[in-house]
2 protein chains.
Amino acid sequence: MKELDAKDRDILGILTKEARIPMKALAARIGLSRSATTERVAMLEKSGVIRGYRADIGQMDRGLVSAFLMVTLVSTPSMGVLDQLARYSEVRRVSSVTGQLDLIVEVEVPSIDRLNTLRDIIATHQSVQDLTTLIVLRRDIERLE
Amino acid sequence: MKELDAKDRDILGILTKEARIPMKALAARIGLSRSATTERVAMLEKSGVIRGYRADIGQMDRGLVSAFLMVTLVSTPSMGVLDQLARYSEVRRVSSVTGQLDLIVEVEVPSIDRLNTLRDIIATHQSVQDLTTLIVLRRDIERLE
DNA sequence: TGAGGCATCCGGCAATGTGACGGTTGCACC
DNA sequence: GGTGCAACCGTCACATTGCCGGATGCCTCA
């Protein structure tokens, strides 16, 4: 895939905030014709830079509990932990990190009970050495893209 | 705001995956007329259930570094830390959590240098007691909505 | 019970946006 | 200087949208 130029970055910048904007308006904003803009967006989609478009739903309205599970592994190559994590749809994101920890697992569960269940399942995995649960009390800032 | 019914949840389910779908197609999928569907979506937007629409960008394509900053505060009412954090556009999300930590700050910066700068700025804030930086090496799972 | 108010739905029209295409321009390469 | 190519533009026919009036069902209260 080619380098993205300034126009492409403009497009991405706008689409990450207003994904439903009409092509015509998008074109006007970046200073290209509609057809050129449509072509660029199609290219960005086809090449995988744009993976899709999502509505951004307020978390409170779903009545879910979010938590971070801070995981330390016995040995760094994760040995099936990821496979297991991937099996649970409540697992929203898993990040390998540097530092005292190895994985940060973000989960979103319907209840604290379910969180505890999930926590226990993961904590008892053979390659998990230590697991700390941090429940999100409040989102103070949220600007994910 | 009223309770969301099954149709509303259908709408949300579809829009969280395909935010750019035309209203007509959305209407056909949930089994309502286009105008009723448009009305419902408008209601969901106005009431804040739908906060916006975002293009989903593959993170690697941006050449950015993501990191978690684990913050312990001197005293729990945050005393201006949030205001300061909000000032930096690299701060993607801040979560108040239970446990040994007080805040989890997620940042996305163009370089490690910038990360260090940001880290230092936050760490020297008077109400920050402790700050640990965890750099994201890899996203193993990502299913944020 | 039946008249009014309200929420929700539908369909239709005019305005706007889209997909598809052909034509222009600028540039690199032989 | 001719050929190929990538990126752009404008236009046509068609699809989608915003906006409306009107139907339907339901609740409330005289």
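Rules and cut-offs
Residues numbered from 1 in each chain as written. Chains lettered and ligands numbered in written order. Predicted model: local features only at pLDDT ≥ 70, side-chain atom pairs only at ≥ 80, totals over all residues. Heavy atoms only, no water. Axes fitted to C-alpha atoms, helices over the stretch in contact; angles between N-to-C directions. Helix = DSSP H or I, 4+ residues; strand = E, 2+ residues; numbered from the N terminus. Parallel < 35°, antiparallel > 145°, perpendicular 65-115°, else oblique. Contact = heavy atoms within 4.5 Å. Nonpolar A, V, L, I, M, F, W, Y, C, P; charged D, E, K, R; others polar. Pairing = 2+ DSSP bridges.

- In the nomenclature of an unreviewed UniProt entry, chain A is known as DNA-binding Lrp family transcriptional regulator of Aminobacter aganoensis.

## As for the packing of helix α1 (residues 6–15) of chain A against helix α3 (residues 34–46) of chain A
All names here are of chain A.
Thought 1: Closest axis-to-axis distance for the α1/α3 pair is 11 Å, and the angle between their directions is 80 degrees. Here α3 runs roughly perpendicular to α1, going by the angle between their axes. Touching K7, D8, I11, L12 and L15 of α1 are T37, R40, V41, M43 and L44, all from α3.
Thought 2: In terms of residue class, the contact of α1 with α3 is made up of six nonpolar, one polar and three charged.

## Thoughts on the sheet that holds strand β5 (residues 128–142) of chain B
Thought 1: Taken together, eight strands build a closed barrel; the order of strands is β2(A)-β4(A)-β3(A)-β5(B)-β2(B)-β4(B)-β3(B)-β5(A) and the barrel is antiparallel. Averaged over all pairs of adjacent strands, the angle between their axes in this sheet comes to 35 degrees, without regard to strand direction.
Thought 2: Relative to β5(B), strand β3 (residues 91–97) of chain A is paired through five bridges, and the arrangement is antiparallel. Paired with S96(A) across the two strands is R138(B), which belongs to β5(B).
Thought 3: Helix α5 (residues 112–123) of chain A rests against β2 (65–73), β4 (103–109) and β5 (128–142) of chain A of the sheet, and its axis sits at about 145 degrees to β5(A).
Thought 4: Each of β2 (65–73), β4 (103–109) and β5 of chain B touches helix α5 (residues 112–123) of chain B; the most contacted strand, β5(B), lies at about 145 degrees to it.

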